[in-house]
Amino acid sequence: MVPRAGETKTSDPHSLLLVDRFGRHHTSLRVSVTDACNIRCRYCMPESVNGFMAQERLMGFEEIERTIRILAGVGITKVRLTGGEPLMRPGLPRLVERISQIPSLQHIALTTNGMLLSDSMHQLAQAGLTHVNISLDTLREETFRRMSRREGLDRVLDGIEAAIQSGLPVRLNAVVLRDINLEDCIPLVEFARSRNITIRFIEFMPLDAERAWNQSQVVTGKELRKRVEDVFGPLALKQDTDPSQPSRDYVFTNGSGGIGFIDPVSEPFCSNCNRLRLTADGKFRNCLFGREEWDVMSLLRRGANDHEILALAMDCVRSKFASHGISDAGFEPPVRAMYQIGG
Ligand code: SAM
Ligand code: SF4
């Protein structure tokens, strides 16, 4: 068992929480369940992959559940399942069901490309999923093919409809690359508004496997916001948003729908970061851009107790830098690309 506040001899009230050197409390855990994916978004994966992680390298559901349970004991309240494409992991609803039994978790979310969602949405909702984010960068099949180097926009759209039908809160995530899908931003906003769901635009980050990231392809949130306001009228900053969430959220002043901008490149939000990550092969990471990992899988597999797991997580959190440093001279992207870390 993880010690409770009353059971410790320490005088530091924060010593059992996931608080870093800058006072940031970590309450959110992103759990990657696989590096495999069924499409090949150019901002994330290489066109061809030389094999995904072997099954034995992936954390088992029991190992994931145990790790989350330990962290939930020290303040993690929100878990997001991601990947790779999390629905490529067989039996994902079983994992959701297991972690939904952890009493202090308030939020079990999924980020998916939607390709396989219509088949499993009902099971996921029954298992205890609370939120669904679906990536959608275009409504045009040809642009979908250019962006993802695969077919299947119709399946993504089916997945979105299934998610809406489930009654869970649904959000769309869109990445805009200037030369590929800039023209799609207005139709995407119209699509989201017509379904009364929120869309968030995420700036293209230097985390693509092909290392083709270039500032000229980044469309800033500011530019997108101006384009959106030119068409839909002024946006109003949403009140009472959680300051630790990465998106700056707005509402339309003339009607339904919400919109958000995640601007890690042009306006980093590191000072409020509350996120810890767990890769599919069992490594803690304290930042998407971090170059260091903490190997929890080895600890689990050699029979470590909960205190040892927790000590590793705390070490990871306490080693976190003040910011991701994308704009610093000499910035080097992490060795692993987005699909291998978990976005
Ligand atoms: N496969 C799922 C999906 O696409 O939703 C989950 C994993 S994906 C890595 C999570 C999110 O990261 C997606 O919304 C995706 O668009 C975003 N993403 C991937 N690479 C990115 C990059 N280089 N810059 C910004 N966002 C990126
Ligand atoms: Fe796959 Fe998601 Fe990466 Fe696209 S962004 S390649 S869907 S993991």
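Provided above is the structure to which this section pertains.
These notes cover the structure that comes with them. Per chain, residue numbering runs from 1 following the sequence as it is written. Chain letters and ligand numbers both follow the written order, the letters beginning at A and the numbers at 1. Given that this is a predicted model, residues contribute local features only at a pLDDT of at least 70 and side-chain atom pairs are listed and counted only at 80 or more, while totals for whole chains, interfaces and linings are drawn from all residues. The basis for the side-chain values is all heavy atoms of the structure; hydrogens and waters are excluded.

Thoughts on the overall build of the protein chain
Phase 1: If you tally the helices and strands in the protein chain, you get 11 helices and 12 strands.
Phase 2: In terms of overall size, the protein chain behaves like a compact globule, its C-alpha atoms giving a radius of gyration of 20 Å where 343 residues would be expected to give roughly 20 Å.
Phase 3: Over its C-alpha atoms, taken along the principal directions, the protein chain stretches across nearly 60 × 40 × 40 Å.
Phase 4: Relative accessibility thresholds used throughout: buried, under 20% of the residue-type maximum; exposed, over 50%; partly exposed, between the two (1.4 Å probe, protein chains only). When each of the 343 residues of the protein chain is scored for burial, the buried share is 55%.
Phase 5: Pairs at least 24 apart in sequence give 73% of the contacts found in the protein chain among residues at least 6 apart. Only DSSP runs of H or I with at least four residues qualify as helices, and only runs of E with at least two residues qualify as strands; both kinds are numbered from the N terminus onward. Only C-alpha atoms enter the radius of gyration, while the globule expectation follows 2.2 Å times N to the 0.38, with N the number of residues. Contacts are assigned to residue pairs with any non-hydrogen atoms lying within 4.5 Å of each other.

Re the pairing of strand S1 (residues 28-32)
Phase 1: Most of S1 sits inside the fold, with 5 of its 5 residues counted as buried.
Phase 2: The two faces of S1 match: Ser28, Arg30 and Ser32 on one face and Leu29 and Val31 on the other face are all buried.
Phase 3: When DSSP finds two or more bridges between two strands, those strands count as paired. Sheet topology note: the S1/strand S2 (residues 78-82) ladder contains 5 bridges and is parallel. Bridge pairing in S2 links serine 32 to threonine 82.
Phase 4: Direction of pairing for S1 relative to strand S10 (residues 275-278): parallel, over a ladder of 4 bridges. Looking across to S10, one finds that serine 28 is bridged to arginine 275.

Here we look at the site of ligand 1
Phase 1: Proximity is defined per residue: if any heavy atom of the residue lies within 4 Å of a molecule or strand, that residue is considered near it. Around ligand 1 sit 18 residues in total, of which Tyr43, Gly84, Glu85, Ser135 and Met205 are the nearest.
Phase 2: Within the backbone of threonine 112, a nitrogen or oxygen atom sits 3.2 Å from an oxygen atom of ligand 1.
Phase 3: Polar contact is defined as a pair of N or O atoms within 3.5 Å, subject to the rule that within protein one atom must be able to donate a hydrogen and the other to accept it, and that residues adjacent in sequence are counted only when both atoms are side-chain atoms. Serine 135 is positioned with one of its side-chain polar atoms (N or O) 2.6 Å from an oxygen atom of ligand 1.
Phase 4: Note that accessible areas follow from Shrake-Rupley with a 1.4 Å probe, and for residues the cover is restricted to the protein chains shown. When isolated, ligand 1 has an accessible area of 540 Å², and the protein chains bury 96% of it.
Phase 5: Only strand S3 (107-112) and strand S5 (170-175) provide two or more residues apiece to the shell around ligand 1.
Phase 6: For the shell around ligand 1, the per-class residue count stands at 7 nonpolar, 9 polar and 2 charged. Here the nonpolar group is Ala, Val, Leu, Ile, Met, Phe, Trp, Tyr, Cys and Pro; Asp, Glu, Lys and Arg are the charged ones; every other residue, Gly included, is treated as polar.

Some remarks on the nonpolar core
Phase 1: Residues belong to a common nonpolar core when they are buried Ala, Val, Leu, Ile, Met, Phe, Trp, Tyr or Cys residues joined through side-chain atoms within 4.5 Å. Counting 103 residues, the largest nonpolar core has Leu81, Phe201 and Ile259 as its most contacted members.
Phase 2: Here the element with the most residues in this core is helix H10 (residues 306-318); it accounts for 7 residues.
Phase 3: Beyond its immediate stretch of four places on either side in the chain, leucine 81 contacts Val31, Val33, Pro86, Leu92, Leu95, Val96, Ile99, Ala109, Leu110 and Thr111.

Thoughts on the site of ligand 2
Phase 1: Around ligand 2, the neighbouring residues are Cys37, Ile39, Cys41, Tyr43, Cys44, Met45, Gly84 and Asn113.
Phase 2: Its residues placed into classes, the shell around ligand 2 shows 6 nonpolar, 2 polar and no charged.

Regarding the side chain of threonine 279
Phase 1: With respect to the helices and strands, threonine 279 occurs in the loop between S10 and strand S11 (283-285).
Phase 2: The class of threonine 279 is buried, set by a relative accessible area of 0%.
Phase 3: The contacts of threonine 279, once residues within four sequence positions are left out, are Ser32, Met59, Arg285, Glu293, Arg336, Gln340 and Ile341.

Some thoughts on helix H8 (residues 221-232)
Phase 1: Helix length check: H8 (12 residues) gives 16 Å between terminal C-alpha atoms against 16 Å at 1.5 Å per residue, within 8%.
Phase 2: Taken together, the buried positions of H8 are Gly221, Leu224, Val228 and Phe232. The buried residues of H8 occupy one face: seen down the axis, they fall within an arc of 65°. H8 presents Lys222, Lys226 and Asp230 as exposed residues on the side facing more than 90 degrees away from its buried surface.
Phase 3: At its buried positions, H8 is contacted by helix H7 (185-194), strand S6 (198-202), strand S7 (235-237), strand S8 (247-252) and strand S9 (258-262).
Phase 4: Phi for glycine 233, located one or two positions after H8, is positive at around 90°. Expected helix span is computed as 1.5 Å times (number of residues minus one). This arc is taken over the directions from the axis of the helix to the C-beta atoms.

Re the environment of lysine 78
Phase 1: Within the element layout of this structure, lysine 78 appears in strand S2.
Phase 2: Separated by 208 residues in the primary sequence, lysine 78 and asparagine 286 place their C-alpha atoms 15 Å from one another.
Phase 3: Ignoring any residue separated from it by four or fewer positions in sequence, one finds lysine 78 in contact with Thr27, Ser28, Leu29, Leu105 and His107.

Quick word on the pairing of strand S4 (residues 131-135)
A regular strand carries its side chains on alternate faces of the sheet.
Phase 1: Looking at chain direction, S3 and S4 are connected through 4 bridges and run parallel. Bridge assignment links threonine 111 to a residue of S4, and that residue is asparagine 133.
Phase 2: The parallel pair S3 and S4, bridged by helix H3 (residues 117-127), forms a crossover whose chirality is right-handed.
Phase 3: As paired elements, S4 and S5 share 4 bridges and run parallel to each other. Bridge pairing in S5 places valine 132 opposite valine 170. Handedness is read with the strands pointing away from the viewer; a crossover is right-handed when the path from the first strand over the helix to the second is clockwise.

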